Amino acid sequence: MNQQSAPNPMVTLVGLAVLGGVLATVTVVATTLAGDDPLRQKAIVFAAVVSGTAALAGWIVSRWSRGKGPATAMAGGLGATLMRLAPMLAALAWLSTQEGGIRDAGAAGWLVAFYLPLLAADIVLTFLTGPRGRPNGGANAAN
């Protein structure tokens, strides 16, 4: 019998804090690079909100599916990927329909600039908190 362990809520909270820290760091760097242009500042805020929300939601969904059965774990992984990508793709689609405004201020580029560090942090967190192998050490159990 394969025992499943529930995800540790503290690990989920630490992951949210790490992702929030990465988001804050990228936001500070981006706003420093943007200068005093108010339109570019709006583009950065837009990118930070979309990317940050997507990253945090993806982390929560991926942690929720930990320790569950194989089907739930697979669905959780796919759901987490969807939670990370769907808002980004929707934002890019919306930006492509706009004239001027934050589109001309480089919002699409800022979306990518926020998405990549958040994705890298999520991948590192997943490796650090990922499954440690089967509970029985990988040995096949007798039927």
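Now for a description of the structure that goes with this document.

About the cut-offs
Residues numbered from 1 in each chain as written. Predicted model: local features only at pLDDT ≥ 70, side-chain atom pairs only at ≥ 80, totals over all residues. Heavy atoms only, no water. Helix = DSSP H or I, 4+ residues; strand = E, 2+ residues; numbered from the N terminus. Buried < 20%, exposed > 50% of the residue type's maximum accessible area, 1.4 Å probe, protein only. Contact = heavy atoms within 4.5 Å. Axes fitted to C-alpha atoms, helices over the stretch in contact; angles between N-to-C directions. Parallel < 35°, antiparallel > 145°, perpendicular 65-115°, else oblique. Left-handed = near helix turned anticlockwise from the far one by under 90°. Nonpolar A, V, L, I, M, F, W, Y, C, P; charged D, E, K, R; others polar. Core = buried A, V, L, I, M, F, W, Y, C linked by side-chain atoms within 4.5 Å. Salt bridge = Lys/Arg side-chain N within 4 Å of Asp/Glu carboxyl O. Expected span 1.5 Å × (residues − 1). Polar contact = N/O pair within 3.5 Å; in protein donor to acceptor, adjacent residues only side chain to side chain.

### Considerations on the environment of Ala80
(1) Moving on: For Ala80, the position within the fold is in helix α3 (residues 70-97).
(2) Moving on: Given the relative accessible area of 1%, Ala80 is considered buried.
(3) Moving on: Along the backbone, Ala80 and Trp59 are 21 residues apart, and their C-alpha atoms lie at a distance of 6.7 Å.
(4) Moving on: Setting aside anything within four residues of it in sequence, one finds Ala80 in contact with Gly58, Val61 and Ser62.

### What about the environment of Val18?
(1) Moving on: As for its position among the elements, Val18 is in helix α1 (residues 9-34).
(2) Moving on: Val18 sits 107 residues away from Leu125 along the chain, and the two C-alpha atoms are 8.5 Å apart.

### Considerations on the packing of α1 against helix α5 (residues 107-129)
(1) Moving on: Close contact between α1 and α5 brings their axes to 10 Å; oriented N to C, the two are set at 155°. As judged from the angle between their axes, α1 and α5 are roughly antiparallel. The crossing of α1 and α5 is right-handed. Of the residues in α5, those in contact with Val11, Gly15, Val18, Leu19, Val22, Leu23, Val26, Thr27 and Ala30 of α1 are Trp110, Ala113, Phe114, Pro117, Leu118, Ala121, Asp122, Leu125 and Thr129.
(2) Moving on: Of the residues belonging to the contact of α1 with α5, the class tally is 14 nonpolar, 3 polar and 1 charged.

### Some thoughts on the nonpolar core
(1) Moving on: Of all hydrophobic cores here, the largest spans 25 residues; its most connected members are Leu19, Ala43, Ile44, Trp110, Leu111 and Phe114.
(2) Moving on: Elements that contribute at least two residues to this core include exactly α1, α2 (38-64), α3 and α5.
(3) Moving on: For this core, the leading source of residues is α5, giving 8 residues.
(4) Moving on: Other than its neighbours up to four places away in sequence, Phe114 contacts Leu23, Val26, Thr27, Ala30, Ile44, Ala47, Ala48 and Ser51.

### Describing the packing of α2 against α3
When two helices pack together, their arrangement is given by the angle between the helix axes and the distance between those axes.
(1) Moving on: Direction vectors running N to C along α2 and α3 enclose 170°, while the axes themselves pass 7 Å from each other. When the interaxial angle is binned, α2 and α3 end up roughly antiparallel. Of the residues in α3, those in contact with Phe46, Val50, Ser51, Ala54, Ala57, Gly58, Trp59, Val61, Ser62 and Trp64 of α2 are Thr72, Gly76, Gly79, Ala80, Met83, Arg84, Pro87, Met88, Ala91, Trp94 and Leu95.

### Considerations on the pattern of salt bridges
(1) Moving on: What the rule picks out here adds up to 1 salt bridge.
(2) Moving on: The partner of Arg84 in a salt bridge is Asp122, and the shortest N-O contact between them spans 3.1 Å. Here the residue Arg84 occupies a position in helix α3, and Asp122 occupies one in helix α5, the gap between them amounting to 38 residues.
(3) Moving on: For Asp122, a relative accessible area of 4% gives the class buried.

### Points about α2
(1) Moving on: For α2, built from 27 residues, the straight-helix expectation of 39 Å at 1.5 Å per residue is met to within 8% by its first-to-last C-alpha distance of 39 Å.
(2) Moving on: Sitting at the head of α2, Asp37 places a side-chain oxygen 3.3 Å from the backbone nitrogen of Leu39.

### Observations regarding the environment of Leu118
(1) Moving on: Here Leu118 lies in helix α5.
(2) Moving on: Given the relative accessible area of 3%, Leu118 is considered buried.
(3) Moving on: Between the C-alpha atoms of Leu118 and Leu56, which are 62 residues apart in sequence, the distance is 9.1 Å.
(4) Moving on: With residues near it in sequence (within four places) discarded, Leu118 still touches Leu19, Val22, Leu23, Ser51, Gly52 and Ala55.

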